[in-house]
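If you want the building blocks of each chain, they are given just below.
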Amino acid sequence: MSDQKVVVVTGSSSGIGLETALMLARNGYITYATMRSPDKDKSIKAAIQNESLPIRVVQLDVTDDSSVKNAIDHITSEAGRIDVLVNSAGYGLGGAFEDLAIEEIKSQHETNLFGLIRVTQAALPTMRRQRSGRVINLSSSAGFFGLPGFSAYSSSKFAVEGLSESMAYELEPFGIKVILIEPGFIKTNAVNAIVIAKKAQDPSSPYSELMQKMMANMSEGAKNASDPELVANIIFDAASNPNPRLRYLAGKDAESWAAGKKNMEEPEFYNMIKSHITA
């Protein structure tokens, strides 16, 4: 391989992961676009063919230990290095906390948190040997404030925030930077792809009205959301900046919520979120 930098992107079949893989490849990175079911994906393969992009599609299921190991072993054997890891695989689980089955909560964390952990732990030995690297973790604005109806999702992203902060201290001596990307509403299929908990789909749930309002407001918010290219641009900046920050907000709504969380008294912020999300 050449001196081009090598990046691994999880969740590359759609949304932010797809746009990130394309953005980095277009800017000269040798890009390993990983996804659970490569055979089902057509969009990234079309882009590779049409633009002659340096993208390799690799099967990787973040919830499967052997899949992660096989993918990272293949990438390091072929490329010889990993300069950037972008952990973007994830999904949202909707439903009021009382309506969530423990297995549904476990599945949410298995992908959003433990999947990120698996892939990162597999990639770190290579980065340490290089004494360089970037670990870029997709968090969310729901990683710094809780959303009604999305306790499982918010808790998984809060965990990613704390995990990333701790990792940043540990990995800095090895020349490895850890970066958090915190998007607000983004125009992806994320809203349509939200998994609604089984009990939350029952109209007799005591939280049914709350969830209907929440989903309606999220759908409305998605109409004015930022494009996934915005997040991909921010990730590219974080990957290439010689001195990246720990956190990057992505989207005007995320910036507004972060400012409110920082500057408002807690009851004021609580009421703001309640009025915007559940009114």
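One structure accompanies this document, and this report is about it. (Residues numbered from 1 in each chain as written. Predicted model: local features only at pLDDT ≥ 70, side-chain atom pairs only at ≥ 80, totals over all residues. Heavy atoms only, no water.)

Some points on the packing of helix H3 (residues 65–79) against helix H4 (residues 102–130)
With their axes 9 Å apart at the nearest point, H3 and H4 run at an angle of 30° to one another. As summarised for this structure, H3 and H4 are arranged roughly parallel, according to the angle between their axes. As for the relative orientation of H3 and H4, their crossing is right-handed in sense. For the pair H3 and H4, the contacting residues are Asp65, Val68, Ile72 and Thr76 in the first and Arg118, Val119, Ala122, Ala123 and Thr126 in the second. Considered class by class, the residues forming the contact of H3 with H4 number five nonpolar, two polar and two charged. (Axes fitted to C-alpha atoms, helices over the stretch in contact; angles between N-to-C directions. Helix = DSSP H or I, 4+ residues; strand = E, 2+ residues; numbered from the N terminus. Parallel < 35°, antiparallel > 145°, perpendicular 65-115°, else oblique. Left-handed = near helix turned anticlockwise from the far one by under 90°. Contact = heavy atoms within 4.5 Å. Nonpolar A, V, L, I, M, F, W, Y, C, P; charged D, E, K, R; others polar.)

Regarding helix H2 (residues 43–51)
Every buried residue of H2 is listed here: Ile44, Ala47 and Ile48. Down the axis of H2, the sector holding all buried residues measures 100°, keeping them to one side. Away from the buried face of H2 by more than 90 degrees, exposed residues Gln49 and Asn50 are located. Each element contacted by the buried residues of H2 is listed here: helix H1 (15–26), strand S2 (30–35) and strand S3 (55–59). Ser52 lies just past H2 and shows a positive phi near 50°. (Buried < 20%, exposed > 50% of the residue type's maximum accessible area, 1.4 Å probe, protein only. Arc of directions from axis to C-beta.)

Observations regarding the side chain of Lys157
Among the secondary structure elements, Lys157 is positioned in helix H5 (residues 151–171). No salt bridge is formed by the buried Lys157; the nearest opposite charge belongs to Glu161, separated by 8.5 Å. In this structure, Lys157 is in contact with Asn112, Leu138, Ser139, Ser140, Ala142 and Gly143, ignoring residues within four places of it in sequence. (Lys, Arg positive; Asp, Glu negative; His and termini not counted. Salt bridge = Lys/Arg side-chain N within 4 Å of Asp/Glu carboxyl O.)

Examining the nonpolar core
One finds Ile44, Ile55, Val86, Ile136, Ile181, Val231 and Ile235 to be the most contacted residues of the largest nonpolar core, which totals 30 residues. Counting residues per element, this core draws most heavily on H1, at six residues. Non-local contacts of Ile235, meaning those with residues more than four positions away in its chain, are made with Ile16, Thr20, Val86, Ile136, Leu138 and Ile181. In terms of nonpolar packing, the next biggest core, distinct from the first, is built from 23 residues, Ile30, Leu60, Ile72 and Ala79 among them. (Core = buried A, V, L, I, M, F, W, Y, C linked by side-chain atoms within 4.5 Å.)

Considerations on the pattern of salt bridges
Applying the stated criterion across every chain, the model contains twelve salt bridges. Where Glu51 meets Arg26, a salt bridge forms, and the shortest distance between an N and an O atom there is 2.7 Å. One end of the pair, Glu51, is in helix H2; the other, Arg26, is in helix H1, with 25 residues separating them in the sequence. Taking the shortest distance from any N to any O, the salt bridge between Arg247 and Glu161 comes out at 2.8 Å. Residue Arg247 is located in strand S9 (residues 247–250), and its partner Glu161 is located in helix H5; the two are separated by 86 residues in the primary sequence.

Looking at the sheet that holds strand S4 (residues 84–87)
Each strand in a sheet pairs with its neighbour through backbone hydrogen bonds, running either in the same direction (parallel) or in the opposite one (antiparallel). Read across the open sheet, the seven strands follow the order S3-S2-S1-S4-S6-S7-S9; overall the sheet is parallel. Sheet topology places S3 and S9 at the edges, where each strand pairs with a single neighbour. Recorded for the sheet is a direction-independent mean angle of 20° between the axes of neighbouring strands. Taken together, the five bridges between S2 and S3 define a ladder with parallel strand orientation. Paired with Met35 across the bridge in S3 is Gln59. (Pairing = 2+ DSSP bridges.)

Let's talk about unusual backbone geometry
The backbone of Ser52 sits at a positive phi, close to 50°, despite the residue not being glycine. Mapped onto the fold, Ser52 is located in the loop between H2 and S3. Positive phi, close to 60°, is recorded for Arg131, a residue that is not glycine. Along the chain, Arg131 falls in the loop between H4 and strand S6 (133–138).

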